[in-house]
Every structure is written in structure tokens, then in C-alpha cells.
Amino acid sequence: MAQADKKNIVIFASGSGSNAQRLMEYFEHHPDIRVAALFANNPKAHALKRAETFHVPAFLFSRDEFYTSEKVLEQVQSFRPDLIVLAGFLWLVPQNFLQAFPNRIINIHPALLPQYGGKGMHGMNVHTAIVAAGDQESGITIHRVNEEYDKGEFILQERCPVLPGDTPEQLAARVLQLEHKYLPEVVEQLLAVKDTYNNPS
């Protein structure tokens, strides 16, 4: 399939970008799907370097550009994304994006929502809270994005144990294995489904 005919993913990231890299690896030679671009809101985000390694166009943007102008939206639209994946992206998605890409923005969260979600609950903050609470299991939630943090419709949840004596770092590593396994699979499954948004017939 020619590049122009492939389904396009656009990734948003704020930090390390290991999930972004996993997606770029998984779809690098995929016959039907490609990572078309990566957008980051943090100049120190290692995700930008990872995109460079995979020759994926990468863009850095500011809070003003995201929330008070159409600049970022127009840049993203230029890649004609079939799916936008938030992979460690920490800002709330504005209304203009939700309207432009209805049901086509997904997020991965390192816990079993609805627990341990919401503003400020990301990365090591989540794992620290779970260990401190003495929970016996954790996991991941992949969900659609709406106007509230971590409140969109669930697509997939997968679980892993919290072992006695676990540190937040040890739990984080176990959860990350789930993220790397299931995020590409979910993206692939979503894009393999007939695109009812663009082809309602």
C-alpha cells in the first residue's frame, strides 16, 4: 500500500516517549498504518529525539498555540489523522480538537480507571499512590478522550499484580510492559475497523 493510502496516526507526548517509540517501531513497516507525526509540548521531551530516529516529523508547541489559536489543530489536520494517540501527554485536550476528531482521540493511563485518574495523576505519581494504598493489583486503561481528564469511554483494561514490597519504580516497570504490549494492538484494531465516521454508508 502506498504511503498516501495508509491510515495515519498522530502522537502527542510530553516526556520520555517510550510508548511513542513503541508505536513507531510497531508501525514502521506496517502495510496499512503509519505514524505520520509527533507533537510535543515540552522542549525537553525525549519523545522528540525518538521521532527523529524514526524519521517521523516532530513539532514542538506552546500552551498558547494549543489553547488560544488554531495553529496546532491546523498542523495536525494537515496529516489527515485517522487516530490521535496521547502517549504520556499531560495537558487537557481543548474543545476544538474534540470537535475536529470525534471519537478519534485515545489516551493510555497507567492505572485501572476510574481509580487513580484526574489532574496530576500521571506517571510515577500514580504508581506511588497505588503502592501507598496497599492495592494488590494495578494495570492500564486505554480510553477515548473527552473534555475531562481520564473520563472517556474505556476501550481496554489489562491488569498486573502489585507484589509485596514493590517500589513505585518496580510497579511502573511492570505496568509499562502492559502499555508496550497492548497500545499498538489496540491502535491497530481501531484502525482496522471500518471508518464509520468518514464512511457512514
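Here the structure is shown first, and the text comes after it.
These notes cover the structure that comes with them. (Residues numbered from 1 in each chain as written. Predicted model: local features only at pLDDT ≥ 70, side-chain atom pairs only at ≥ 80, totals over all residues. Heavy atoms only, no water.)

**A word on helix α1 (residues 18-27)**
Here is step 1: Residues of α1 that are buried include every one of S18, N19, A20, L23, M24 and F27, and no others.
Here is step 2: Among the structural elements, β1 (7-13), β2 (33-40), α2 (46-53), β4 (83-86), β5 (105-109) and α7 (168-192) are those in contact with the buried residues of α1. (Buried < 20%, exposed > 50% of the residue type's maximum accessible area, 1.4 Å probe, protein only. Helix = DSSP H or I, 4+ residues; strand = E, 2+ residues; numbered from the N terminus. Contact = heavy atoms within 4.5 Å.)

**Side note on the pattern of salt bridges**
Here is step 1: If you walk through the whole model with that rule in mind, you get 7 salt bridges.
Here is step 2: For D166, the salt bridge is made with R174, and the minimal N-O distance between the two is 2.7 Å.
Here is step 3: What makes D166 buried here is its relative accessible area of 11%.
Here is step 4: Note on R174: relative accessible area 19%, which makes it buried. (Salt bridge = Lys/Arg side-chain N within 4 Å of Asp/Glu carboxyl O.)

**With respect to the nonpolar core**
Here is step 1: Counting 39 residues, the largest nonpolar core has I9, I11, M24, L38 and V187 as the members making the most contacts within it.
Here is step 2: In terms of residue count, the dominant contributor to this core is α7 (8 residues).
Here is step 3: Excluding residues within four positions of it along the chain, I11 makes contact with A20, L23, M24, V35, A37, L38, F39, V85 and A87.
Here is step 4: With 22 residues, the next largest nonpolar core counts F12, F66, I84 and V93 among its residues. (Core = buried A, V, L, I, M, F, W, Y, C linked by side-chain atoms within 4.5 Å.)

**Thoughts on the side chain of H127**
Here is step 1: Examined against the element boundaries, H127 turns out to sit in helix α6 (residues 124-133).
Here is step 2: Accessibility expressed as a relative area gives 5% for H127, which makes it buried.
Here is step 3: Every residue in contact with H127, bar those within four places of it in the chain, is listed here: P110, P168, L171, A172 and V175.

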